[in-house]
Amino acid sequence: MKIKIILVLTAFLAAFNLYSQENVWYTTVLKENFVDKNGNPLTGKGVVVGDVDSGVDVFSPFFFFADGGEYGWIDVDKDGKFKPGIDAVDFNGDGVSKEGSILRYIEMKNNTYNILKTDKENFNPDMDFLYVDANGNGKRDFGENDGFTESDPTYGEQFFIAIDADKNGTLDAGEKIIALKTSKVRAVREKSGTVRRRGIDLIKTEPDTIRHGTSVAGIVLGGHAGVQKMHGFAPDAELVMANIEYAYTPRFVRTFPAMLKFLRDEKVNILLFEDGEWMWEFMDGSTEEELLTNEIARSGITVIGGGGNLASGNMIIRDKLKKDQLATYKFSSPSTGEGKKNDASFVSLLWKGKDKKPVIQVRTPDGFLSPELKDGSGFIRVGSYNVYYAREVSPRNTVMFKFQFSEKDSNTVKGDWQIRVHAKSELDLWGFIVDITQSWGGTTKWEDKDKITPDGSVTFPCTADSCIAVGAYTVNFSWGPEDKLGGLCNYSGRGLNISGKRGIDISAPGHSTFTCSTNNSYTLFSGTSSAAPHVVGTVALLLQYNPSLTHSQIRNILMKTSVQDEFTGPVPNTNWGAGKLNPEGAIKFVIENF
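Quick summary incoming for the structure in this document.

Calculation criteria
Residues numbered from 1 in each chain as written. Predicted model: local features only at pLDDT ≥ 70, side-chain atom pairs only at ≥ 80, totals over all residues. Heavy atoms only, no water. Phe/Tyr/Trp six-rings, centres within 6.5 Å; stacked < 30°, edge-to-face > 60°. Buried < 20%, exposed > 50% of the residue type's maximum accessible area, 1.4 Å probe, protein only. Helix = DSSP H or I, 4+ residues; strand = E, 2+ residues; numbered from the N terminus. Contact = heavy atoms within 4.5 Å. Pairing = 2+ DSSP bridges. Axes fitted to C-alpha atoms, helices over the stretch in contact; angles between N-to-C directions. Left-handed = near helix turned anticlockwise from the far one by under 90°. Nonpolar A, V, L, I, M, F, W, Y, C, P; charged D, E, K, R; others polar.

## Structural notes on the packing of aromatic side chains
Here is step 1 of the chain: Summed over all chains, the structure comprises 31 aromatic pairs.
Here is step 2 of the chain: Geometrically, the ring pair formed by Phe403 and Phe405 is stacked, given 5.5 Å between the ring centres and 15° between the ring planes. The same class applies to Phe403 and to Phe405, which are both buried.
Here is step 3 of the chain: Measuring from ring centre to ring centre gives 6.4 Å for Phe589 and Phe594, while their planes differ by 55°; the resulting arrangement is tilted.
Here is step 4 of the chain: Among the aromatic residues, ring-to-ring pairing joins Phe59, Phe62, Phe64, Phe129, Phe142, Tyr155, Phe159 and Tyr522 into one connected group.

This is how it looks when you write it as structure tokens:
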């Protein structure tokens, strides 16, 4: 719920076209070069990242290793400059252009609203990718539909990167090109549970229709260091992806155990959660999935997750009720949200203490009041509406009273609702809300301004005791009047969890960062979904240097080397965790101490 990308508004960005390219920060490119204990560049080599996400575009040039060999190219028209459609790759080194060797290039699409400047008229070695137009049809063919198989390099007409040795922005005569060949993706568990593997049937992998996982993977391991202006932290790492399928009603993701066990069995070194759930969740670290996460961390796998984008959506209330106090909480639902008919909304009321049984009633938009509810579960009819309710207790003594509201004949739940709570004893009450949009932005939302809070907004499964939960701060472009470059994103999850655990461990660049997307494109990418892979990429570099580092050691290293500034204030705190991620500082600490 939300692996959806949070992007800045197009209208604001359109007005931002004069943004200076000099101010752009490629947040995934280190300011220094480092080597491992054997003197090899620190690029994540030998590290395997597992991601619970929407999928990955296995045809993107960002996700192939540059292991296909180095070649010269033939300057057919002898002008000293590369000409697409005329010049050719010199496969056998004889300097003669042959049929099936003509080079063209993929002009990478720019979906950054011109914040990232690109040259659409020419081949740019640091942004675009070459390919050999083997059949001469003027476009790149790829995939099974175009007759390619798993054994074909780059699963299509072969990609190349250009080595602009003199850094003048052009491919000159005598400069080399390197063929891409092997996928960086080792395996993908599809939504159905089918596993696709590199070397067997990865070419058949389902597309990343949401585009989220592709952008996350770009931040972690996309591209090629020293070639692309923009590349991931650890471009020589490998990826195993577990694709998420969303249900229509909570629990919205029901295959977490299977996905986690798959990634564990694939022997990943880092496990990344790119999903956040809050509805019908105890939020206290007690579920099967959270306990499995702890077990995975203890086994030596570093577990990291985006803390969620729930803080600004008016979707959490908190109230401390006295004995015998009667409180009323209001929420409103629209008829549609994000292009969907809003035919169901959901509420979780949480508190500590299984012996506490407040009396709860629901008032529907048509003015009817439900019977008093304090225990059990069932379906009742209240006016024109169907109400499902259930009281459950977690192993950690968290009580959840959950609701689903719907209208007869699957009509909408549009209107003003009330939930009345009569406390029979003192009650520290949390209320979470969402509807079928599963939106971070709060289409159905609480109306009680004095009770709405951003605290407790770190989402499951980052509520697991062992998960390194990551908050997001603003870089490159601030999208709201209260946002500042360098400041915490207003939506970034924060506060203490209901268990009392500080929700966020560390914060990283989250809004607005650059990465790749599907269909050969660059994009803006924002949210804690962007921040978390910054931490993952950093950890991949640490693990290349010292593969024996444990989850706990890595957590401590990240927190010890984090940065405090005027935005974070004294750390640790419940907004920023330990402060801002410091990749270079973490690497230096490991080099000096491990």
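## Side note on the environment of Lys414
Here is step 1 of the chain: Mapping Lys414 onto the fold places it in the loop between β22 (398-407) and β23 (415-422).
Here is step 2 of the chain: Each C-alpha atom, one on Lys414 and one on Lys341, is 9.8 Å from the other, the two residues being 73 residues apart in sequence.
Here is step 3 of the chain: Apart from residues no more than four positions distant in its own chain, Lys414 is found in contact with Ser333, Pro334, Ser335, Pro365 and Tyr385.

## Here we look at unusual backbone geometry
Here is step 1 of the chain: In this chain, Phe460 is followed by Pro461 through a cis amide linkage whose omega measures 5°.
Here is step 2 of the chain: Following the sequence through the fold, Pro461 ends up in the loop between β25 (445-446) and β26 (468-474).
Here is step 3 of the chain: With an omega of 5°, the peptide bond between Val571 and Pro572 qualifies as cis.
Here is step 4 of the chain: Residue placement: Pro572 occurs in the loop between α6 (551-560) and α7 (583-593).
Here is step 5 of the chain: Although it is not a glycine, Arg211 sits at a positive phi angle of roughly 80°.
Here is step 6 of the chain: Within the element layout of this structure, Arg211 appears in the loop between β10 (195-197) and α2 (212-221).
Here is step 7 of the chain: Overall, the relative accessible area of 42% leaves Arg211 in the partly exposed class.
Here is step 8 of the chain: Even without being glycine, Asn476 reaches a positive phi, approximately 65°.
Here is step 9 of the chain: Following the sequence through the fold, Asn476 ends up in the loop between β26 and β27 (506-511).
Here is step 10 of the chain: Assessed through its relative accessible area of 5%, Asn476 is described here as buried.

## Some remarks on the pairing of β26
Here is step 1 of the chain: Most of β26 sits out of view: 7 of its 7 residues are buried.
Here is step 2 of the chain: Residues Ile468, Val470, Ala472 and Thr474 of β26 are buried on one face, and the alternating residues Ala469, Gly471 and Tyr473, pointing to the opposite face, are buried as well.
Here is step 3 of the chain: Bridging between strand β13 (residues 302-306) and β26 involves 3 bridges; their strand directions are parallel. Bridge pairing in β26 places Ile304 opposite Ile468.
Here is step 4 of the chain: Of the strand pairs in this sheet, β26 and β27 are connected by 5 bridges, and their pairing is parallel. Residue Ala472 lies in a different strand from β27, and its bridge partner there is Ala508.

## Overview of the environment of Gly218
Here is step 1 of the chain: In this structure, Gly218 sits in helix α2.
Here is step 2 of the chain: When its relative accessible area of 4% is taken as the criterion, Gly218 is described as buried.
Here is step 3 of the chain: Along the chain, Gly218 and Met230 lie 12 residues apart, while their C-alpha atoms are 9.4 Å from each other.
Here is step 4 of the chain: In this structure, Gly218 is in contact with Phe63, His231, Gly232, Thr515 and Cys516, ignoring residues within four places of it in sequence.

## Quick look at the packing of helix α5 (residues 528-545) against α6
Here is step 1 of the chain: Their axes nearest at 11 Å, the elements α5 and α6 cross at an angle of 115°. Judged by the twist between their axes, the crossing of α5 over α6 is right-handed. For the pair formed by α5 and α6, the contact residues are Val535, Thr538, Val539, Leu542 and Leu543 on the first element and Ile554, Ile557 and Leu558 on the second.
Here is step 2 of the chain: Across the contact of α5 with α6, the residue classes break down as 7 nonpolar, 1 polar and no charged.

## Comments concerning the sheet that holds strand β29 (residues 521-525)
Here is step 1 of the chain: Taking strand neighbours across the sheet as the criterion, the 3 strands line up as β5-β29-β28 in an open arrangement whose pairing is mixed. Each edge of the open sheet is held by one strand with a lone partner, namely β5 (109-111) and β28 (513-517). Going from strand to strand, the sheet's axes swing by 25° on average, the running direction of each strand aside.
Here is step 2 of the chain: The sheet contact formed by β28 and β29 spans 5 bridges and is antiparallel. Note that in β29 the partner of Cys516 across the bridge is Tyr522.

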